[in-house]
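Given next are the chains, with one letter for each unit.
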Number of protein chains: 2
Amino acid sequence: MSRSNTVFIGRKPVLNYVLACMTLFKSGTEEVLVKARGRAISRAVDVVEVLRNRFMPDMKVGDIKIGTEELTSEESNSPTNISTIEIKLHR
Amino acid sequence: MSRSNTVFIGRKPVLNYVLACMTLFKSGTEEVLVKARGRAISRAVDVVEVLRNRFMPDMKVGDIKIGTEELTSEESNSPTNISTIEIKLHR
């Protein structure tokens, strides 16, 4: 899937990301990938649930994958692991 | 699945829940269900990733389900929605 169908969840309010997903679907995209890392994982689930319950009741939640990414910061020499989630959405 | 195969993720350190899962598997359980709500969802993913990467490399992550639960608190009359996650683990 091309990167342009992906919504990365950060620290903004949930509805910002809900709107981003809806905009992608409205533009004709059949599949949207919601991605998040670390603490934003909970918000990613919120985004999908709000989208499905309030705005797009017909939307289907496809594969949900979890994983780990290694982060190397400039401050500490040792890399830290961070959990990730990817949620596929189909309209 | 009986409730006794379920590990509910709360606010304790990740390793507490990792240990809880390992104890269930060591006791002969084939399948463990990791459940969390709200902000603990990120920690649930951490638990599974630490378990898989550090302690049980052969463990398989099965179905991951997300959903919404309605919470009614005594303080406010209106119910609030909270996101949930369920992650199935097989050894």
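Just above, that's the structure.
This structure is a prediction, so every number in the text was calculated from the model and none was measured.

## Overview of the overall build of chain A
Phase 1: Per the secondary structure count, chain A includes 2 helices and 4 strands.
Phase 2: When the helices and strands of chain A are placed in sequence order, the string is β-α-β-α-β-β.
Phase 3: Projected onto its principal axes, the C-alpha coordinates of chain A cover approximately 45 × 25 × 20 Å.
Phase 4: Counting over 91 residues, chain A shows a buried share of 41%.
Phase 5: Partitioning the intrachain contacts of chain A with sequence separation of at least 6 by distance along the chain shows that 66% fall at a separation of at least 24.

## Re the relation of the copies chain A and chain B
Phase 1: Superposing chain A onto chain B takes a rotation of 180° plus a shift of 0.0 Å along the axis, which leaves an RMSD of 0.0 Å. Look at the turn and shift together and you get a two-fold axis relating the two. No C-alpha of chain A approaches the rotation axis more nearly than that of S42 of chain A, which lies at 2.7 Å.
Phase 2: Of the residues that chain A buries at the interface, 100% are likewise interface residues in chain B, meaning the two copies contact each other through the same surface.

## Some points on the layout of surface pockets
Phase 1: Its boundaries defined by the atoms lining it, the largest pocket holds a volume of some 870 Å³.
Phase 2: Residue lining of the largest pocket: 24 residues in total, with R39, A40 and S42 of chain A together with R39 and S42 of chain B positioned closest to the centre.
Phase 3: Partitioned by chemical class, the residues of the lining of the largest pocket number 6 nonpolar, 8 polar and 10 charged.

## Overview of helix α1 (residues 14–26) of chain B
Residues and elements named next belong to chain B.
Phase 1: Look at α1: 18 Å from first C-alpha to last across 13 residues, which is about the 18 Å you get at 1.5 Å a residue.
Phase 2: Listed as buried for α1 are Y17, V18, C21, M22, L24 and F25. Buried residues of α1 fall within an arc of 160° about the axis and therefore sit on the same side. Opposite the buried face of α1, at more than 90 degrees from it, the exposed residues are L19 and K26.
Phase 3: The elements touched by buried residues of α1 are β1 (6–8), β2 (31–37), α2 (40–55) and β4 (80–90).
Phase 4: Among the residues trailing α1, G28 stands out with phi positive, at a value near 110°.

## Observations concerning the side chain of E49 of chain B
Phase 1: With respect to the secondary-structure elements, E49 of chain B resides in helix α2.
Phase 2: With a relative accessible area of 3%, E49 of chain B lands in the buried category.
Phase 3: Setting aside chain neighbours within four positions, we find E49 of chain B in contact with I66, G67, T68 and S83 of chain A.

## As for the packing of α1 of chain B against α2 of chain B
All names here are of chain B.
Phase 1: Taken N-terminus to C-terminus, the directions of α1 and α2 make an angle of 60°; their axes are 9 Å apart at the nearest point. The pairing of α1 with α2 is recorded here as oblique in orientation. For the element pair α1 and α2, the recorded crossing hand is right-handed. Facing α1, whose interface residues are V14, L15, Y17, V18, C21 and M22, α2 presents R43, D46, V47, V50, L51 and F55.
Phase 2: Here the contact of α1 with α2 is composed, by residue class, of 10 nonpolar, no polar and 2 charged.

Conventions used here
Residues numbered from 1 in each chain as written. Chains lettered and ligands numbered in written order. Predicted model: local features only at pLDDT ≥ 70, side-chain atom pairs only at ≥ 80, totals over all residues. Heavy atoms only, no water. Helix = DSSP H or I, 4+ residues; strand = E, 2+ residues; numbered from the N terminus. Buried < 20%, exposed > 50% of the residue type's maximum accessible area, 1.4 Å probe, protein only. Contact = heavy atoms within 4.5 Å. Least-squares fit on C-alpha atoms with pLDDT ≥ 70 in both. 1 Å grid on protein atoms, 1.4 Å probe; cavity = no way out; pocket = protein on both sides within 12 Å on 5 of 7 lines; lining within 4 Å. Points joined across faces, edges and corners; volume = space filled by probe spheres on them. Nonpolar A, V, L, I, M, F, W, Y, C, P; charged D, E, K, R; others polar. Expected span 1.5 Å × (residues − 1). Arc of directions from axis to C-beta. Axes fitted to C-alpha atoms, helices over the stretch in contact; angles between N-to-C directions. Parallel < 35°, antiparallel > 145°, perpendicular 65-115°, else oblique. Left-handed = near helix turned anticlockwise from the far one by under 90°.

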